[in-house]
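Residues per chain, in single letters:
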Amino acid sequence: MASPSAAENAEDTQRVSLSVEGMNCASCVARVEKAISAVPGVVSASVNLATERADIRFDQTAQPAEIIKAIENVGYGAVEDTLEFGIDGMSCASCVGRVEKALKAVPGVIGANVNLASERASIRLVRGLASTDMLLQAVRGAGYEAHQLGNERNIDREAEKREQELKRLQRDFLIAALLTFPVFVLEMGSHFVPAIHDFVMSRFGMEESRYLQFALTTIVLFGPGLRFFAKGVPALLRAAPDMNSLVAIGTAAAWGYSVVATFAPGLLPAGTANVYYEAAAVIVTLILLGRLLEAHAKGRTSEAIRHLMGLQPKTARVRRDGEELEIPIAEVRSGDMVLVRPGEKIAVDGTIVDGDSYVDESMITGEPVPVEKTKGSEVVGGTINKTGAFTFHANKVGADTVLAQIIKMVEQAQGAKLPIQALVDRVTAWFVPVVMAVAVVTFLIWLVVGPDPALTFALVNGVAVLIIACPCAMGLATPTSIMVGTGRAAEMGVLFRKGEALQTLRSAEIIAIDKTGTLTKGRPQLTDLNTAPGFDHHTVLALVAAAEARSEHPIAEAVVSAARAAGLAIADPEKFEAIPGFGTRVAVAGKTVHVGADRLMARLGLDVSVFASDAVRLGDEGKSPLYAAIDDKLAAILAVADPIKETTPQAVRALHDLGLKLAIVTGDNRRTAEAIARKLGIEEVLAEVLPDGKVAAVRRLQADGRKIAFVGDGINDAPALAAADVGIAIGTGTDVAIESGDVVLMSGDLFGVPNAIALSRATIRNIKENLFWAFAYNVVLIPVAAGVLYPAYGVLLSPVFAAGAMALSSVFVVGNALRLKRFRSLERPARDGQR
């Protein structure tokens, strides 16, 4: 431990307590203490193995990041936390950049991701090094407000906040519009409509008209428009201007110039005492209109989350101490017996202990056909009971339920920052200052070389440049598309656990698919049983099932299951004998039954050539035929296999239609794998691959820089899922391995893969459209606002039209993102009950 010093008691030292993971003995403690103490600026370090914490005192010269690095360098880790904050007051991409910068400057913060569309910040920090108060203070210091969101987000509070903001915008816009209209009519009408000009001059007079415009515009600017000054001026004083700063400067310049022209025209050069009250008022009104439309549209981007949260019932009926109680959903405990009546939503995850029913699980799997549930079946909170009544044992409650995990994953994906956003971040970091510089240059150029009245031209064009610039559209271009795209995916049973997978998946060239449980059903079934002349199908099946009843081999289980499914009685065998290397001999129901390979039949002296064509066909299908003999007579040929899922062929065709190549990666024998590949039209087969060899198989497919998406069950295939560019975990309901893949398909249907890829492509295409519009808008219109067309064409862009165009650009971007809500699942095959 570092030796104490007087510096320990100095006022300029800080003390933190970090959680350290990976320590298991005293030598670990010594190594961690030594590493921390060696960091410049660290005064003392005390590490406790029992609490797994390091108490550290350091002065102002120490870098917290260096402390973390020192712990990691000796083989341990500082425990990380992720906190979610709601951020109020952001209006453009520049705001996002400033909030992120402020948060990242807090000692102990590893990363911060701020989303303009959802108004949320996700912060990764070292536990014990950064506090909630420090984060909140950092956000406030940047000029915004923040509040921490709990693990179980209060959707009512969020919805109420958005509703209040919407009402304020509606009120402010209405007031601004009512006051701006007479200003616009008095000024613009006087210029372009002679009758209005005559009316104003005869009833009011020019001077009185200006006084009235001044009064109305002042109310507009410092009433409904005060929000721009309240945010923009402090940002300007911090040398961190944002969009509000642009609007504040532009409208204040137009209003201030008009005030001088109204009350002290002698201060202005001759012929320049014009007023621009209508420009200032209309700019505020139009931008408020844009904000109002944007708020309406942004509210729709989070509909998927609200829909998911609305799936959970408010109350549950439980049996405690012999009586039935209806309690709030938050009070349901693991182990409770929960009662469900027809038509009710299931409260939490659990296992049925009594009763049976059909349950609509479409909210999880996307499958519209209700699923039969009986004693022992798993049920998921949020799904809907259709017909019967049942009681179930609550296994998972609160944040542990499948629905809660789905909501968490969707929120994380919606708040993600894709690689494509990096360009936007770099541009918006300097965008507003550059726009202000362009406005100043525009003003000076027009003032020096512009025609008379030069001051008027300089003011109008300088203000137009300030107003036309729109970092809002840039900031909204990516996150709104992500929010809508991932929300729509969730509704289709496709969950993007990692936002970057949304971008990576679209670039996949090869889809590597695990066979068992993904292409196939994952459980062996009796696929073939052809009888010899003189033998009845059901009689043979019942006898063979009786012969296999005592075996736990998967083949035996498949035969017994087939007999039970056919409603056949399975007799108890009187005598059972295993013949090593050949098969079995059983005495049952007064008959002797042999079941085994062709060599067993040869040993019995039986000719199997009658089934030669069947044997060839089964071999071509990758199945190993078995034979059954009853009382020393050849009775049947049968085969057990893991059958292909009904929807797999259509899913494979859909993937091919998307231009993708497919490969099977399986531990099964090559003959079986190649037979399935031929049947499905899959190009490449990597067979007989052990679980630990699947990673190497993925690496082999990634040769030449090809992007690979691996599709597996999410449990045994976890290493391959992690090694692929995108891991897609496929499962059903509560069996899904949520932590395994970048993308999780809640349905066990492979058809979710082409849906996920198609949606990924649609979302990235939508983002590119938004970014093109946002950048092209500024690249084209800022020069026009500066007046580059005036020398050749005499065209100038009025600040009023600049404000309208700016407002519409943000509305366009959000509206374009909302088109993803109309994304339709690729055509699926019809199933029984769906026709």
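Residues numbered from 1 in each chain as written. Predicted model: local features only at pLDDT ≥ 70, side-chain atom pairs only at ≥ 80, totals over all residues. Heavy atoms only, no water.

Per an unreviewed UniProt entry, the recorded name for the protein is P-type Cu(2+) transporter, and the organism is Sinorhizobium glycinis. Comment text from UniProt for the protein, heading Sequence similarities (unreviewed entry), reads "Belongs to the cation transport ATPase (P-type) (TC 3.A.3) family. Type IB subfamily." UniProt, in its Catalytic activity (unreviewed entry) section for the protein, records the words "Cu(2+)(in) + ATP + H2O = Cu(2+)(out) + ADP + phosphate + H(+)". (UniProt positions renumbered as here; feature names shortened; annotations may be inferred.)

### Notes on the pattern of salt bridges
This model, assessed by the stated rule, comprises 17 salt bridges. Between Glu361 and Lys373 there is a salt bridge, with its nearest N and O atoms 2.9 Å apart. Of this pair, Glu361 sits in the loop between β13 (357–360) and α12 (362–365) while Lys373 sits in strand β14 (residues 371–373), placing them 12 residues apart in sequence. The residues Glu361 and Lys373 share a single accessibility class, namely buried. Note that Arg617 is salt-bridged to Asp614, the shortest N-O span being 3.8 Å. Remark: Asp614 and Arg617 occur in helix α22 (residues 612–620); sequence separation between them is 3 residues, near one turn of the helix. (Salt bridge = Lys/Arg side-chain N within 4 Å of Asp/Glu carboxyl O. Helix = DSSP H or I, 4+ residues; strand = E, 2+ residues; numbered from the N terminus. Buried < 20%, exposed > 50% of the residue type's maximum accessible area, 1.4 Å probe, protein only.)

### Quick look at the side chain of Thr480
Within the secondary structure, Thr480 is located in helix α16 (residues 471–491). Given the relative accessible area of 0%, Thr480 is considered buried.

### Digging into the sheet that holds strand β12 (residues 349–355)
Read from one edge to the other, the open sheet built from 6 strands follows the order β10-β9-β11-β17-β12-β15, with strand pairing classed as antiparallel. Of all the strands in the sheet, just β10 (323–328) and β15 (378–379) have a single pairing partner and so form its edges. Pairing analysis gives 4 bridges linking strand β11 (residues 337–340) to strand β17 (residues 390–396), with the strands arranged antiparallel. When the sheet's bridge partners are listed, Val340 is paired in β17 with Phe390. (Pairing = 2+ DSSP bridges.)

### Let's talk about the UniProt feature "transmembrane region" (unreviewed entry) in the protein
According to UniProt, the "transmembrane region" (unreviewed entry) feature falls on residues 173–192, 212–230, 242–263, 275–293, 427–449, 455–478, 771–790 and 796–818. In residues 212–230, the share of helix is 84% and the share of strand is 0%. The end C-alpha atoms are 25 Å apart. As annotated, residues 242–263 comprises 95% helix and 0% strand, and the C-alpha atoms at either end are separated by 31 Å.

### Quick look at the pairing of β11
The pairing of strand β9 (residues 315–320) with β11 spans 3 bridges and is antiparallel. Along β11, the bridge assignment pairs Val318 with Val338.

### A few points about the packing of aromatic side chains
This model, assessed by the stated rule, comprises 13 aromatic pairs. Where Phe390 meets Phe392, the ring centres are 6.3 Å apart and the plane angle is 50 degrees; that geometry is what we call tilted. Exposure class is identical for Phe390 and Phe392. Each is buried. In textbook terms, an aromatic cluster arises when at least three aromatic residues are bridged by ring pairs, as seen for Tyr211, Phe214, Phe222, Phe229, Trp255, Phe263 and Tyr277. (Phe/Tyr/Trp six-rings, centres within 6.5 Å; stacked < 30°, edge-to-face > 60°.)

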